[in-house]
Amino acid sequence: MPRIRWVFVFVCTMLVLLITGTVLFYEAEKIVNLISISAERTLQLAEKQSKVIKYKEQIEFYKTDKGIAHLGREQYNFIFPGEKIFVIEKN
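Residues numbered from 1 in each chain as written. Predicted model: local features only at pLDDT ≥ 70, side-chain atom pairs only at ≥ 80, totals over all residues. Heavy atoms only, no water.

Within the chain one finds two helices and zero strands. Expected size for 91 residues packed as a compact globule is a radius of gyration near 12 Å; at 35 Å, the chain overshoots this value by more than 25%. Of note, the chain has its 13 positive side-chain charges centred 9 Å away from the centre of its 10 negative side-chain charges. (Helix = DSSP H or I, 4+ residues; strand = E, 2+ residues; numbered from the N terminus. Rg over C-alpha atoms; globule rule 2.2 N^0.38 Å. Lys, Arg positive; Asp, Glu negative; His and termini not counted. Charge placed at Lys NZ, Arg CZ, Asp CG, Glu CD.)

If you want it as structure tokens, here you go:
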């Protein structure tokens, strides 16, 4: 029959191993979750950076005279002097 001391050592060792395994399992699950969140946020960051680049290009374009003329024609229906406007009406 095993001595009580060895049973106690075995039970304590198993308890420590089980607790350690459980903690490692939950930490690994958290790591997988954080990796997926990180990948998602990286994609969002890349989208936002491309939007920022696009907006900076638009700002640089609209700072020029050609950009201002384009904006005036597109949004405010301005015309250059001497141009004629033809309105097509539907019946």
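Once that is clear, we can look at the pattern of salt bridges. Once the charged atoms of two side chains with opposite charge are near each other, the side chains can pair. Inspection of the entire model under this criterion finds three salt bridges. Of the charged contacts in the structure, one is a salt bridge between E27 and K30, with a shortest N-O distance of 3.7 Å. Of this pair, E27 and K30 both sit in helix 1 (residues 4-62), three residues apart, which is roughly one turn of that helix. (Salt bridge = Lys/Arg side-chain N within 4 Å of Asp/Glu carboxyl O.)

Right, let's get into helix 2 (residues 65-76). The end-to-end C-alpha distance of helix 2, which contains twelve residues, comes to 16 Å, matching closely the 16 Å that a straight helix rising 1.5 Å per residue would cover. One or two positions beyond helix 2, positive phi appears at N77, with a value near 55 degrees. (Expected span 1.5 Å × (residues − 1).)

This part covers a nonpolar patch on the surface. Together, V7, F10, V11, M14 and L17 make up a nonpolar patch on the protein surface, roughly 460 Å² of accessible area in all. Note that L17 resides in helix 1. (Patch = residues over 30% accessible without salt bridge, like charges linked within 9 Å, V, L, I, M, F, W, Y side chains within 5 Å. Areas by Shrake-Rupley, 256 points an atom, 1.4 Å probe, with all protein chains shown as cover.)

Here the focus is the packing of aromatic side chains. Both the distance between ring centres and the angle between the ring planes are used here to describe each pair of aromatic rings. In total, this model carries three aromatic pairs according to the counting rule given. On the numbers, 5.5 Å between centres and 70 degrees between planes, the contact of F25 with Y26 is edge-to-face. Overall, F25 belongs to the exposed group, its relative accessible area being 52%. (Phe/Tyr/Trp six-rings, centres within 6.5 Å; stacked < 30°, edge-to-face > 60°. Buried < 20%, exposed > 50% of the residue type's maximum accessible area, 1.4 Å probe, protein only.)

Turning our eyes to something else, we now look at the environment of V11. With respect to the element layout, V11 can be found in helix 1. Judged by its relative accessible area of 47%, V11 is partly exposed. For the pair formed by V11 and K63, sequence separation is 52 residues and the distance between their alpha carbons is 77 Å.

Bringing the environment of W6 into the picture now. Looking at the secondary structure, you find W6 in helix 1. Accessibility expressed as a relative area gives 57% for W6, which makes it exposed. Sequence spacing of W6 and G82 is 76 residues, and the spatial spacing of their C-alpha atoms is 105 Å.

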